[in-house]
Each structure stands twice: as structure tokens, then as C-alpha cells.
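Understanding the architecture of this molecule
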Amino acid sequence: MSFAELQTVLELGLICSLTVLALFLSYSMLNVCDLSTDGCFTLGATMGAMVAAAGHPFLSLSAAMLAGVCSGFVVALLQTKLGINSLLAGIIVNTGLYSVNIAIMSGAARINLTKTPTVFSMVKSVLAGTPLAGWHITVVAGTAVILAVVLLTLFLNTRLGLAIRATGNNPDMVRSSSINPAFTTIVGLCVANALTGLSGCLMAQAQQSTEINIGSGMVTIALASLLIGGTLLGRGGIFTRAVGMVLGAFLFRLVYAVALRLDMPAFMLKLVSAIIVALALALPYLKSQWPVISRRLSYKKALAGKEGK
């Protein structure tokens, strides 16, 4: 694998790690599997692209995060106030966001940003002539990830953050402590989807375009990265686990790159993602069942030996 390919893997891994951090907050901390991730990622990409096209590349980051907050608020509202199952709430919002994203793009299915100043093009001009020239995407994405990891760590160690973590572990205990679990769920999902929106915005500006299916399969990619990161650095404090999420995103993109180098068709990559997620989810169960499986195999082997005699 060439150096340029590794640089691309690093860039994509950093950008996607923001979505992994979002899923880390919602899935690992709140114990809520938010299936609106695909639509929210596209929402951040389309909102960011439209604001950048209007001549405000840096403002597009805030606009994308605010759009993500709105998406997370609707998901949380459906769960906590209307009694809709969290999985169904995410599916409902994800479905509705398709129309919302088309509306944001004024009915178009694609927006081209090749002639539009973006955050990356502006940083590129600043870094021209320096040793970091050509690393503008890595610098911007890396800065965003570092800030996200640090701020998320600080947030989850505040009183509100601890309440959010407790809500995922034991909502009844939180309720008995005079803390409204509906409020902590709403705050947690809003923060998580803000990170997803930011990730989509950076992806659109890095690729200098966005289209209606840019977020397709992102929840699977993020979940696979989360599980890989949890395997690497699943134990320890919030900061250590958050760093593990970033490493998981990088390693997952590295697997993608290796698969492409092996001439695997692009349409097979989603199947690879699904297999990785399935194996990672099934691994704890298979590990717990291994003694039983081992005894059965030993019994069948001994029985076959007796029959052979």
C-alpha cells in the first residue's frame, strides 16, 4: 500500500471517527442504538455544503452541528415523550430525513463544491509552503477529532455527563435520584447527533461534493469501528475508550483499503462491514459458549474413536 493511500485512510478514518464517537455516546453510554445515523450524516453534509456554497465555510460547521442537534432532539422526543421504541424512532427519523435533505438541496440529488471555498481549501492556502502542505485534510480533521475527544471526555465527567452514563446503566436508579432520564436522553442524543452532523459536513467538504446517499451504511461502518475500538481499548476511562473509537475508525478504513487493493468489487464492501459487525457482536456469546462447544466436540471425537475400534 502506497503512502498516499495510507494518508487517505487516515483522513477518512479521522472524519468518520466523529460519527463513531457519536455512536459511542448513544450506544455505549446511553444504551440507545440510534438508527438515524445515516440520515443525520447526510443532513450534516447537505447543510454544510449549502452554507459553504453561500460563502460561509466555517459557519457551515456550526450549521451542520445544529442540524444534527435538531435531528437528535426529534429522535429523543419520539422515544421519551411519545413512547416509541428507540429502534423505530431512529428508523422513522432516518426515513423522514431523506425528504428533508432533498429539500435542503433545493430538490437536487447532488451538490458540487469544486469551485466553492471550503474549510479545507482555506487551511490548504494557509499551510502552503510549510512542511504540512498537502496535509490540510488531516490537520483539519485531526483538530476536530482532538477537540471532540477532549470535550466529550470533559462533558461525560461532569454531573450531567455522569447522569447520562447512569441513564444507560440503570434508568430506574437515575429516576430515584430525582434526575429525569428523559432529559438526559434528549441531551445525550442531541450531542451525539451534533458530532454526526459535523462528520458529514467535513466529509462533504473533503470530497468537494455531496449527494443524497452519502450517509448510506454509515451506521454499520460506525458500529463496526466502535466494536473494533472497544476490543482494542474497551477498558479504562472515558478518554482511553474515546481514543479507542478513533483507532477503530482508522483500522476499519484500513480494512476497506486492503479489500480494495485485493480487487474486491466496491459493492461488496458493505457486506464486509456487515460481516465485521456480526462477528464482533457474536464474539462475546461464542466466547461464553466455547466450553460447551469444546465438550461436545470432545465427546463426538471420543465417540467416533470408540466406533472405529
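Report follows, based on the coordinates. (Residues numbered from 1 in each chain as written. Predicted model: local features only at pLDDT ≥ 70, side-chain atom pairs only at ≥ 80, totals over all residues. Heavy atoms only, no water.)

Per the secondary structure count, the protein includes 12 helices and 2 strands. Compactness check: the protein gives a C-alpha radius of gyration of 22 Å against a globular reference of 19 Å for 309 residues, within 12% of the reference. Overall, the C-alpha framework of the protein stretches about 80 × 55 × 35 Å when taken along its three principal axes. Out of the 309 residues in the protein, the part that is buried amounts to 46%. When contacts within the protein are restricted to residue pairs at least 6 apart in sequence, those whose partners lie at least 24 apart make up 77%. Just so you have it, the protein exposes about 15,400 Å², and 67% of that area is on carbon and sulfur atoms. Positive and negative charge centroids in the protein, built from 19 and 8 side chains respectively, lie 11 Å apart. (Helix = DSSP H or I, 4+ residues; strand = E, 2+ residues; numbered from the N terminus. Rg over C-alpha atoms; globule rule 2.2 N^0.38 Å. Buried < 20%, exposed > 50% of the residue type's maximum accessible area, 1.4 Å probe, protein only. Contact = heavy atoms within 4.5 Å. Areas by Shrake-Rupley, 256 points an atom, 1.4 Å probe, with all protein chains shown as cover. Lys, Arg positive; Asp, Glu negative; His and termini not counted. Charge placed at Lys NZ, Arg CZ, Asp CG, Glu CD.)

Let us look at unusual backbone geometry. Non-glycine residue Asn31 carries a positive phi angle of around 60°. Inspection of the secondary structure puts Asn31 in the loop between α1 (3–29) and α2 (37–53). On the basis of relative accessible area, Asn31 is assigned to the exposed category, the value being 57%. If you check the backbone angles, Gln208 has positive phi at about 60° while not being a glycine. Position of Gln208 relative to the elements: it lies in the loop between α9 (181–207) and β2 (209–211).

A few words now on the environment of Leu77. Checked against the element boundaries, Leu77 lands in helix α3 (residues 57–80). By relative accessible area, which is 33% here, Leu77 ends up partly exposed. When the C-alpha atoms of Leu77 and Ile186 are compared, they prove to be 7.1 Å apart, with 109 residues separating the residues in sequence.

Before going further, it helps to examine a nonpolar patch on the surface. Judged by side-chain polarity, Ile146, Leu147, Val150, Leu151, Leu154 and Phe239 come together as a nonpolar surface patch covering roughly 600 Å² of accessible area. At 5 residues, the largest contribution of residues to the nonpolar patch is made by helix α6 (residues 136–156). A relative accessible area of 55% places Leu151 in the exposed class. (Patch = residues over 30% accessible without salt bridge, like charges linked within 9 Å, V, L, I, M, F, W, Y side chains within 5 Å. Salt bridge = Lys/Arg side-chain N within 4 Å of Asp/Glu carboxyl O.)

This paragraph deals with helix α4 (residues 86–104). Compared with an ideal rise of 1.5 Å per residue, which puts 19 residues at 27 Å, α4 spans 26 Å between its outermost C-alpha atoms and is within 8% of the ideal. Taken together, the buried positions of α4 are Ser86, Ala89, Gly90, Val93, Leu97, Asn101 and Ile104. The backbone nitrogen of Leu87 lies 2.9 Å from a side-chain oxygen of the residue at the head of α4, namely Asn85. Positive backbone phi, at 60°, marks Ser106, one or two positions downstream of α4. (Expected span 1.5 Å × (residues − 1). Polar contact = N/O pair within 3.5 Å; in protein donor to acceptor, adjacent residues only side chain to side chain.)

Attention shifts here to the nonpolar core. Residues Leu21, Phe24, Leu156 and Leu202 are the most contacted members of the largest nonpolar core, which totals 73 residues. Leaving out residues up to four positions away in the same chain, Leu202 has contacts with Ile15, Leu18, Leu61, Phe120, Val140 and Ala144. One finds Met105, Ile111, Leu113 and Ile212 within the second-largest nonpolar core, a separate group that totals 5 residues. (Core = buried A, V, L, I, M, F, W, Y, C linked by side-chain atoms within 4.5 Å.)

Turning to the side chain of Asn101, a few remarks are in order. Looking at where Asn101 falls in the secondary structure, it is placed in helix α4. Sequence-distant contacts of Asn101, that is, excluding residues within four places in its chain, are made with Gly39, Thr42, Leu43, Thr46 and Ile212.

So, on to the packing of helix α10 (residues 218–233) against helix α11 (residues 238–261). Viewed as axis vectors pointing N to C, α10 and α11 meet at an angle of 120°, and their least axial separation amounts to 7 Å. Taken together, the axes of α10 and α11 lie oblique to each other. For the pair α10 and α11, the crossing hand works out as right-handed. Within the contact between the two elements, α10 uses Met218, Ile221, Ala224, Ser225, Leu226, Ile228, Gly229, Gly230, Leu232 and Leu233 and α11 uses Thr240, Arg241, Val243, Gly244, Met245, Leu247, Gly248, Ala249, Leu251, Phe252, Arg253 and Tyr256. Residues belonging to the contact of α10 with α11 are distributed by class as follows: 14 nonpolar, 6 polar and 2 charged. (Axes fitted to C-alpha atoms, helices over the stretch in contact; angles between N-to-C directions. Parallel < 35°, antiparallel > 145°, perpendicular 65-115°, else oblique. Left-handed = near helix turned anticlockwise from the far one by under 90°. Nonpolar A, V, L, I, M, F, W, Y, C, P; charged D, E, K, R; others polar.)

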